[in-house]
Amino acid sequence: MASIKLEHVYADFPVYGSQVSFRKVLFNKAIGGLLSRADDRSKRVTVRALSDVTLEVNHGDQLGIIGHNGAGKSTLLRLLAGIYEPSQGSITIEGGVSPLFNTSPGLDLDDTGYENIVTCGLFLGMSRAEIAAKTPDIEAFAELGEYMSLPVRTYSTGMLVRLGFAIATAIDPGILLLDEGLGAGDARFANRVRKRIEALIGRSSIMILAAHSDSMIEQMCNRAILLNHGKVIADGKPKDVIARYAEMNREAEAAPPPPPAEDVSAKDLEDLVGAAAKG
Amino acid sequence: MTPEYGVAIADIVNGTRNWDMWGRLGWREVKRRYRRTVVGPFWTTLSLAIFVVVLGVVWSRLWNQDPKAYLPYLTSGMLTWVMFSTFCTEGSAAFFAAEGLIKQLRVSYTLLAISVVWRNLIVFFHNLAIYVLICLYAGLPASWSLLLAVPGLAVICLNGVWIVLFLGMACARYRDLQQLVTSILQVSMFITPIFWAPDQLKGRAVMLVDYNPLFHIVDIVRAPMLGKAPSTWTWAVVAAMTVAGWGATLYVFSRFRRRIPYWL
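Below you will find a few notes about this structure. (Residues numbered from 1 in each chain as written. Chains lettered and ligands numbered in written order. Predicted model: local features only at pLDDT ≥ 70, side-chain atom pairs only at ≥ 80, totals over all residues. Heavy atoms only, no water.)

1. Digging into the overall build of chain A
Looking only at helices and strands, chain A features 10 helices and nine strands. Counting across all 279 residues of chain A, residues that qualify as buried make up 43%. Long-range contacts, defined here as pairs at least 24 residues apart, represent 74% of the contacts in chain A between residues at least 6 apart. Total accessible area on chain A stands at roughly 14000 Å², and carbon and sulfur atoms take up 54% of it. (Helix = DSSP H or I, 4+ residues; strand = E, 2+ residues; numbered from the N terminus. Buried < 20%, exposed > 50% of the residue type's maximum accessible area, 1.4 Å probe, protein only. Contact = heavy atoms within 4.5 Å. Areas by Shrake-Rupley, 256 points an atom, 1.4 Å probe, with all protein chains shown as cover.)

What follows is the structure in structure tokens.
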């Protein structure tokens, strides 16, 4: 039985400007503690992407994550995938996690379609035997015919997307993590994509989807959370959470823009902008 | 940050066991060099061969040495040195070259490190062609001590893995280090006995040989290739380097492994 438990999870991203490098560390060491350590710490710029997230997801949950750009949706997915680890708090996951953020991890343009099925399949955690068993299904879905034996360099963008998608959705996920934007292609393909994603979700025990689009969440999820500035501010039925999101957007339009997050002072922001301009 | 030895060791064990994956990643790079070229990875071999032969002929004259003794010495030293120094240079770039993967999936860092080492071991075997030809020219007889090169290679590769892990992490955090590694290696090639023999040094300069771990790393494979057994001192230094290197890497890796994706 798959389950996910997050307890007071924080994620802080250190910002390394072009000037924060080996040279600076060396010089700091050379000056020998004249600059106090505490002072140095407080100057370190971090961006808090998630703040005190506590969440429990159980078998059968199809959870949608809603929020603005930068609300922490992708960071949360990446924490669940085990790519980032929380700077504070704990995450307990039971069951295998299959992240599908990029449809073709490890794709090599010089390899043929068949070779890439193996490489991507291995990266997605399939065994050789599973890959061999799934290959006919992937071939059928990608509809590439003879092209399967050619280097993928010769494919059109649409063909490449179809192949990547076919491989990625062939897995048998325990916990499935989806980022929106997965799956594209021509109109005829779009319908098949939807069916295939639905089948994939059906095979999974838990599905978590991050999306902007309300309709996607409403169709595909049975639970939703709303993230704002890295905090979970609503959790419940997709309909209610979407309504809350719409309300929040109306308020935001009426009210002046919110102040920057507490961890980034105005001075830090100036430094950041300066570093970005230099870099 | 507290060290998480369990997580780090799990990464190392899982990465090592997944030989299917690192084998595939390592070969893929080699295969890429074969594509649409006539001689493939042998281009690296060919340019190394030209370097060794030209330099060998000129320098053996310069130092009044018998080319039939100097050429095998230079060749076996260079082959080993090229492999070892590529561990260091490719190791420095290992993690940020794999940024796409690291940020999309949970990958074992050890797996990435082993694939770098494996790829360069394959290149080393390509380069062995030069050694065979030079041996034929010099009439160097094959001897049983050649077999001692196998454990030597194994130990170099074992060191290669920690070097890639360590430098991969250090260079992901401090980008300038990559340039530093390159320039240190450049100088080291000349102060380590590769172009010249250790017995050409007199007096206190002998320290450049005795206490230079790079000399021992090279000699542990070079000596068997020349039909000699590596000295006990060489084995001791390399063993110490393996233990110390892995110890330090394990400490750093278990402390900072979780920060790597944040650094990229």
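Now that the structure has been shown, we can carry on.
2. Here we look at the interface of chain B and chain A
Between chain B and chain A, the contact holds 27 residues from the first and 31 residues from the second. Buried area between chain B and chain A, summed over both chains or domains, comes out near 2900 Å², and the portion from carbon and sulfur atoms is 51%. Summed over the three residues of chain B that lose the most area to chain A, namely Arg 24, Gln 104 and Tyr 262 of chain B, the buried surface amounts to 24% of that side. For the pair chain B and chain A, the number of links is four salt bridges. Across the pair Lys 31 of chain B and Glu 115 of chain A runs a salt bridge, and its minimum N-O distance is 3.6 Å. If you list the elements that add at least two residues to the side of chain B that touches chain A, you get helix H2 (19-34), helix H5 (99-104), helix H8 (177-191) and helix H12 (260-263) of chain B. Of all the elements, H2 of chain B adds the most residues to the side of chain B that touches chain A, at seven residues. Of the residues assigned to the side of chain B that touches chain A, the class counts are 12 nonpolar, one polar and 14 charged. (Buried area = accessible area lost by both parts, 1.4 Å probe. Salt bridge = Lys/Arg side-chain N within 4 Å of Asp/Glu carboxyl O. Nonpolar A, V, L, I, M, F, W, Y, C, P; charged D, E, K, R; others polar.)

3. Thoughts on the nonpolar core
Soluble globular proteins: nonpolar side chains tend toward being buried together. Residues Leu 163 of chain A together with Phe 84 and Phe 95 of chain B are the most contacted members of the largest nonpolar core, which totals 116 residues. When residues of this core are assigned to their parent elements, the largest contribution, 13 residues, is made by helix H6 (residues 109-138) of chain B. Setting aside residues up to four positions removed in sequence, Phe 84 of chain B forms contacts with Ile 156, Ile 163, Leu 214, Ile 217 and Met 241 of chain B. Within the second largest apolar cluster, 28 residues are counted, among which are Ala 71, Leu 76, Tyr 84 and Ala 210 of chain A. (Core = buried A, V, L, I, M, F, W, Y, C linked by side-chain atoms within 4.5 Å.)

4. What to know about the side chain of Arg 78 of chain A
With respect to the helices, strands and loops of the structure, Arg 78 of chain A is situated in helix H3 (residues 73-80). Discounting residues that sit within four places of it in the chain, Arg 78 of chain A has contacts with Ile 83, Tyr 84, Phe 101 and Asp 179 of chain A together with Lys 103 and Gln 104 of chain B.

5. Here's the deal with helix H9 (residues 238-254) of chain A
All names here are of chain A. Between its first and last C-alpha atoms H9 spans 24 Å; for 17 residues at 1.5 Å apiece the expected length is 24 Å, and the two agree. Turning to H9, its buried residues number three or more, namely Pro 238, Val 241, Ile 242, Tyr 245 and Met 248. Each buried residue of H9 sits inside an arc of 115 degrees when the element is viewed along its axis, so together they form one side. Exposed residues pointing more than 90 degrees away from the buried face of H9 are listed as Lys 239, Asp 240, Arg 250 and Ala 254. The secondary structure elements touched by the buried residues of H9 are strand S3 (62-66), helix H8 (214-220), strand S8 (223-228) and strand S9 (231-236). (Expected span 1.5 Å × (residues − 1). Arc of directions from axis to C-beta.)

6. Re the pattern of salt bridges
Residues and elements named next belong to chain B. For the structure on display, the rule yields 16 salt bridges over all chains. Of the charged contacts, one joins Glu 4 and Arg 258 as a salt bridge, the two residues approaching to 3.7 Å between their closest N and O atoms. Of this pair, Glu 4 sits in the segment before helix H1 (5-17) while Arg 258 sits in the loop between helix H11 (232-256) and H12, and the two are 254 residues apart along the sequence.

7. Quick notes on the sheet that holds S3 of chain A
Residues and elements named next belong to chain A. Pairing in this open sheet of six strands is mixed, and the strands run S5-S6-S7-S3-S8-S9 from one edge to the other. The outermost strands of the open sheet, each flanked by one partner alone, are strand S5 (97-100) and S9. Adjacent strand axes in the sheet meet at a mean angle of 20 degrees, parallel and antiparallel pairs treated alike. Relative to S9, S8 runs antiparallel, the two being bridged by five bridges. Its bridge partner being in S9, Ile 225 is matched across the sheet by Asp 235. Strand contacts of H3: S3, S5, strand S6 (175-179), strand S7 (206-210) and S8, with the helix running at about 150 degrees to S6, the strand carrying the most contacts. H9 contacts S3, S8 and S9 of the sheet and is inclined by roughly 25 degrees relative to S8. (Pairing = 2+ DSSP bridges. Axes fitted to C-alpha atoms, helices over the stretch in contact; angles between N-to-C directions.)

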